[in-house]
Amino acid sequence: MMNPQDEILKKFQTVSENPHEYARSIKEQTGKKIIGFFCSYTPEELLQAAGVVPFRLFGTARDIELAESHLQSYCCSLVRGGLEDALRGRLDFMEGTVFPHTCDSIQRLSDIWRLNAGFDVHIDAVMPVKLNTPSARKYMVDVLAGVRKDLEKSLNITITDHAISESIELYNRIRSSLLSLYRMRSRKPAVIPQSAVYHTMKAAMVMDRAEFAKDLEALVASLEKLPVKDVETVRKRIMLSGGICNQPDIYKIIDKAGGEVVWDDLCTGLRYAAGFIEESNQPIEALANRYTRRIVCPAKHASITARGESLLAEVHKQKIDGVVFLHLKFCDPHAFDYPYLKDFLGRENVPSMLLEIEEQAPPEGQLRTRFETFIDML
Ligand code: SF4
Ligand code: SF4
């Protein structure tokens, strides 16, 4: 018989490997509507408050053909793969999609999607680019209030402040447990493999959030009881930095090459989990605070050095030996930030390497050699 943590991890892995299947089954079982999104600036808390299941789109890794007639081949594979899924009808369980305006590719995709994907609900959240000014925060409040109104209109519902507050509480529970998992993994890597953390993160962005919160809390409680000592690992401690990571094999390959991914700075990782929301009686204002104060991605701006500083702070805090920048090919925002971040780390003698991947990761042997070379030099 499987122990409780293995059972939950198996469930998360199944969802992570078959997200569309999961979405179809949850829709059938609960009757809940499903709304897709691509980017971690999507105010999911409002979707949850609207009674729908927010569903992160990761894009297909295969047969990108239909999307080619709408997008240039130099768009990132996330955007091309997502559109391919929509055009092939693989997202027919969704009611629609929310597009926060972040990178150019996502903004352009929104227009193409509206005209071609054929969903009833299409919401643009045109958020400020510069985030740390009083006017940006005020603007963010207006944008979030607009998303709330658009959801109400599109779904023919009312979203009460009470529902938003409940949603905020739920997201705080989820994010606090995800952070516990990250900290546990950093302190005692043997407690849970990083590939299992990857599947947990992916399930966090796909599953019915109340169900996920319950499972996650049970998982963390169960892992905390495991008799694993706080031993210093002799393996090199690696941090991944970039946008989306949809390649669980990367973790295993780094592992085989003698490294241990113990932390990250990814949109599908810690940047999603970080950012507690105040539980106040002004829930939209509280949400605006999170979305203007969260760790920035390169498509947003807080200050010239904000990303470098937060990356370096985590490198020191988590005792990282080396950083692997993991970028999707043709992802301009991350490519533009890379030279400065590499420099920022280099000034403090933190080694880093860059790995650019397409929808399919390079063959294992090739990747392993690159990681081994990097890890040997740490
Ligand atoms: S890197 Fe920024 S723009 Fe891209 S998905 Fe992440 S949050 Fe969105
Ligand atoms: S931030 Fe990069 S990976 Fe994400 S959608 Fe934009 S171009 Fe693609």
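Refer to the structure presented above.
Remember, predicted model here, so these are calculated numbers, not experimental data.

K.L.:
Quick question: what am I supposed to make of the overall build of the protein here?
P.N.:
Scanning the protein for helices and strands turns up 15 helices and 8 strands. Taken against the 2.2 N^0.38 rule, which gives 21 Å for 378 residues, the C-alpha radius of gyration of the protein at 20 Å falls within 12% of a compact globule. Taking the principal axes of its C-alpha atoms as reference, the protein extends roughly 55 × 45 × 45 Å. Burial analysis of the protein (378 residues in total) assigns 46% to the buried set. Within the protein, contacts between residues separated by at least 24 positions form 75% of all contacts whose residues are at least 6 apart in sequence.

K.L.:
Please explain the site of ligand 2 as it appears in this structure.
P.N.:
Around ligand 2 lies a shell of 14 residues, among which Cys 76, Cys 103, Ser 105, Gly 243 and Cys 331 are the nearest. Breaking the shell around ligand 2 down by element, the ones donating at least two residues are α4 (77–87), α5 (104–116) and α14 (332–346). Looking at which element gives the most residues to the shell around ligand 2, the answer is α14, with 3 residues. Partitioning the shell around ligand 2 into residue classes produces 10 nonpolar, 3 polar and 1 charged.

K.L.:
Can you walk me through the pairing of strand β8 (residues 352–357) in this structure?
P.N.:
Every regular strand shows the same layout, with side chains that alternate between the two sheet faces. Where strand β7 (residues 322–328) lies against β8, 6 bridges are found, and the strand directions are parallel. Bridging from a neighbouring strand, Leu 328 pairs with Ile 357 of β8. As a crossover connection, the stretch from β7 through α14 into β8 is right-handed.

K.L.:
Which parts of the structure should I look at to understand the site of ligand 1?
P.N.:
Inspection of the region around ligand 1 gives Cys 39, Ser 40, Tyr 41, Thr 102, Cys 103, Ile 106, Gly 243, Ile 244, Cys 267, Cys 297 and Ala 299 as its neighbouring residues. Its residues placed into classes, the shell around ligand 1 shows 8 nonpolar, 3 polar and no charged.

K.L.:
Honestly, the sheet that holds strand β2 (residues 53–56) in this entry has me stumped. Any pointers?
P.N.:
Two modes of strand pairing occur in sheets, parallel and antiparallel, and in both the strands are linked by backbone hydrogen bonds. Strand order in the open sheet formed by 4 strands is β2-β1-β3-β4, with parallel pairing between adjacent strands. Strands at the two margins of the open sheet, each flanked by one partner only, are β2 and β4 (121–125). Taking each pair of neighbouring strands and ignoring which way they run, the sheet shows an average axis angle of 25 degrees. Across 3 bridges, the pairing between strand β1 (residues 34–37) and strand β3 (residues 96–100) is parallel.

K.L.:
Even after reading the chapter, I still don't get helix α8 (residues 194–204), so can you show me in this structure?
P.N.:
For an α-helix the count is 3.6 residues per turn, leaving residues at separations of three or four pointing the same way. Most of α8 is tucked away: 10 of the 11 residues are buried. The elements touched by buried residues of α8 are α1 (4–17), α7 (161–187), α9 (209–224), α10 (249–256), β6 (259–265) and α11 (270–273).

K.L.:
Just to check I follow, could you spell out the nonpolar core for this structure?
P.N.:
Across soluble globular proteins, nonpolar side chains have a tendency to be buried as a group. Ile 35, Leu 46, Phe 55, Leu 144, Ile 238, Leu 240 and Ile 254 are the most contacted members of the largest nonpolar core, which totals 113 residues. For this core, the leading source of residues is α7, giving 7 residues. Excluding anything up to four places from it in sequence, Leu 240 contacts Cys 245, Val 261, Asp 264, Leu 266, Val 324 and Leu 326.

K.L.:
Can you help me understand the packing of helix α13 (residues 306–317) against α14 in this one?
P.N.:
Helix packing for two helices is described by the angle between their axes and how far apart those axes are. One can describe the packing of α13 onto α14 by two numbers: an axis separation of 10 Å at closest approach and a directional angle of 45 degrees. Accordingly, the angle class assigned to the pair α13 and α14 is oblique. The hand of the α13/α14 crossing is right-handed. Contacts between α13 and α14 involve Arg 307, Gly 308, Leu 311, Leu 312 and Val 315 from the former and Asp 337, Tyr 340, Leu 341, Phe 344 and Leu 345 from the latter. Residue composition of the contact of α13 with α14, by class: 7 nonpolar, 1 polar and 2 charged.

K.L.:
How should the environment of Ile 244 be read in this particular structure?
P.N.:
Note on placement: Ile 244 falls in the loop between β5 (236–242) and α10. On a C-alpha basis, the gap between Ile 244 and Gln 194 in space is 15 Å, while along the polypeptide they are 50 residues apart. Filtering out sequence-adjacent residues up to four positions away, Ile 244 remains in contact with Phe 58, Leu 78, Cys 267, Thr 268 and Leu 328.

K.L.:
Would you mind going over the packing of α4 against α5 with me for this structure?
P.N.:
Contact geometry for α4 and α5: axes closest at 11 Å, N-to-C directions at 10 degrees. Relative to α5, the element α4 is oriented roughly parallel. Of the residues in α5, those in contact with Val 79, Leu 83, Ala 86 and Leu 87 of α4 are Ser 105, Ile 106, Leu 109, Ile 112, Trp 113 and Asn 116. In terms of residue class, the contact of α4 with α5 is built from 8 nonpolar, 2 polar and no charged.

Conventions used here
- Residues numbered from 1 in each chain as written.
- Chains lettered and ligands numbered in written order.
- Predicted model: local features only at pLDDT ≥ 70, side-chain atom pairs only at ≥ 80, totals over all residues.
- Helix = DSSP H or I, 4+ residues; strand = E, 2+ residues; numbered from the N terminus.
- Rg over C-alpha atoms; globule rule 2.2 N^0.38 Å.
- Buried ≥ 20, exposed ≤ 12 C-beta atoms within 10 Å, placed from the backbone.
- Contact = placed C-beta atoms within 7 Å.
- Near = placed C-beta within 6 Å.
- Nonpolar A, V, L, I, M, F, W, Y, C, P; charged D, E, K, R; others polar.
- Pairing = 2+ DSSP bridges.
- Right-handed = clockwise from strand over helix to strand, strands pointing away.
- Axes fitted to C-alpha atoms, helices over the stretch in contact; angles between N-to-C directions.
- Core = buried A, V, L, I, M, F, W, Y, C linked by C-beta atoms within 7 Å.
- Parallel < 35°, antiparallel > 145°, perpendicular 65-115°, else oblique.
- Left-handed = near helix turned anticlockwise from the far one by under 90°.

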